[in-house]
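# Architecture and fold: a report
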Amino acid sequence: ALEPLSVGLAIGVASALTGYLSHPRFYCNYVECCPSAGQRLNATALKAQLDTKLFGQHLAKDVVLKAVMGFSNNPSPKKPLTLSLHGWAGTGKNFLSQILAEHVHRAGLRSKFVHLFLATLHFPHHDQIKLYKEQLQNWIRGNVSACPHSVFIFDEMDKMHPGLIDAIKPFLDYYEQVDGVSYRKAIFIFLSNAGGDLINKAALDFWTSGKGREEIQLKDLEPTLSVGVFNNKNSGLWHSSLIDRNLIDYFVPFLPLEHKHVKMCVRAEMIARGYAVDEKIVQAVADEMTFFPKEQKIYSDKGCKTVQAKLDIHEDT
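Residues numbered from 1 in each chain as written. Predicted model: local features only at pLDDT ≥ 70, side-chain atom pairs only at ≥ 80, totals over all residues. Heavy atoms only, no water.

The name given to the protein chain in an unreviewed UniProt entry is TOR1B protein, with the source organism recorded as Spizaetus tyrannus. Of the protein chain, the UniProt comment under Sequence similarities (unreviewed entry) reads exactly: "Belongs to the ClpA/ClpB family. Torsin subfamily." (UniProt positions renumbered as here; feature names shortened; annotations may be inferred.)

Below, the structure written as structure tokens:
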């Protein structure tokens, strides 16, 4: 028979071990956990990554960094942070949202607390809008209930059916709770090509007038961008209550990329592949890109979107 002291000691050790293994600090080293209420983003690390990986977007970097850090440092925000990123393909919208997701949740887009919606994949049929609205509300409600710091990214907004995104309006508004759930710590990001023409025209006007690219400020673009998107039937935000009720915190413009920015993308991709940077190859890849306007050829019409594919051709070199 076991001595009472031995049995007691065994039970004590087992209890202590169970308590240690179930402690959040230990448990969350092996299983992804929702960030705690007091957890803050690392502003220095986020800024450094944006500076070294996102090229030619001084406006987007500045606006998003300030917006996200202000939101993160606010212990009691009045509403979720809602950002709408606009610009032509290849200018960095997806890249920035990916970087931001990784700083909120270490696993980034692989995190169970980061949710990516693609209009053409998740909402493909026009006659199913009522069903999509119900599904969207249920998805968001369920995920925010599981983690208040959830991140929702809506890509291809310009391909989304008009009115669909208004289904999430109650979650973005200034409510303390909706059906017992608070959405105030969540982040919503919309990605759209809509408004890209307006942004490109403004950038070209600055260039034509002899002003530097870095002189462009948010106030020069945001009012025109928000109105343009609101009146664009192919924006996904056409006559949206999200704009009408001022629930989108920032309309973030992504400027068209110049020749020098494309070359920066090529160098970054070469380094990511473990290659030594060869300026001849950098120049060759950049020269294969197409630029507009036709006469001046200032801006890449695909941004950096095809850099990876074009670099593949030069891999043997």
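### Description of the environment of Gly 303
Position of Gly 303 among the secondary structure elements: in the loop between β7 (299-300) and α14 (307-313). With residues up to four places along the chain from it excluded, the contact list for Gly 303 reads Ala 89, Gly 90, Leu 257, Val 262 and Met 289. (Helix = DSSP H or I, 4+ residues; strand = E, 2+ residues; numbered from the N terminus. Contact = heavy atoms within 4.5 Å.)

### Details of the UniProt feature "domain: Torsin-1A C-terminal" (unreviewed entry) in the protein chain
Following the UniProt record, one finds the feature "domain: Torsin-1A C-terminal" (unreviewed entry) at residues 257-312. With 52% helix and 7% strand, residues 257-312 has end C-alpha atoms that lie 21 Å from one another.

### As for the state of the cysteines
A full pass over the atoms with the stated rule returns 3 disulfides. Covalently, Cys 28 is tied to Cys 33 through a disulfide, its sulfur atoms 2.0 Å apart. For the disulfide bridge between Cys 28 and Cys 33, the dihedral angle about the S-S bond is near -95°, and by the sign convention the bridge is left-handed. Take Cys 33: its relative accessible area is 25%, and that puts it in the partly exposed class. Cys 34 shares a disulfide with Cys 147; S-S distance 2.1 Å. Between Cys 34 and Cys 147, the S-S dihedral sits near 70°, and the bridge is therefore right-handed. Note that Cys 34 is positioned in the loop between α2 (24-27) and α3 (43-53) and Cys 147 in the loop between α7 (129-146) and β3 (151-155), a separation of 113 residues in sequence. Its relative accessible area of 0% is what places Cys 147 among the buried residues. (Disulfide = S-S within 2.5 Å. Buried < 20%, exposed > 50% of the residue type's maximum accessible area, 1.4 Å probe, protein only.)

### Re the side chain of Ser 72
On the secondary structure map, Ser 72 appears in helix α4 (residues 58-73). The exposure class assigned to Ser 72 is buried, which follows from its relative accessible area of 12%. If we skip the residues at most four places from it in the chain, Ser 72 touches Gln 39, Arg 40 and Leu 41.

### Let's talk about the packing of aromatic side chains
On inspection of all chains with the given rule, the structure shows 9 aromatic pairs. What links up through ring pairs into an aromatic cluster is the set Phe 117, Phe 123, Tyr 132, Trp 139, Phe 154 and Phe 190. Over the aromatic face of Phe 206 sits the side chain of Lys 211, whose NZ or CZ is 4.9 Å from the ring centroid. (Phe/Tyr/Trp six-rings, centres within 6.5 Å; stacked < 30°, edge-to-face > 60°. Lys NZ or Arg CZ within 6 Å of the ring centre and 35° of its normal.)

### A word on the sheet that holds strand β4 (residues 187-192)
Strand order in the open sheet formed by 5 strands is β2-β3-β4-β1-β5, and the pairing between neighbours is parallel. This sheet does not close on itself; its edge strands, each paired only once, are β2 (114-118) and β5 (250-253). In this sheet, neighbouring strand axes are inclined to one another by 15° on average, regardless of whether the strands run parallel or antiparallel. Sheet analysis places β2 next to β3, joined by 5 bridges and oriented parallel. Each residue of the ladder has a partner; that of Phe 117, found in β3, is Phe 154. The strands touched by helix α10 (residues 218-230) are β1 (81-86) and β5; relative to β5, the strand with the most contacts, the crossing angle is about 110°. (Pairing = 2+ DSSP bridges. Axes fitted to C-alpha atoms, helices over the stretch in contact; angles between N-to-C directions.)

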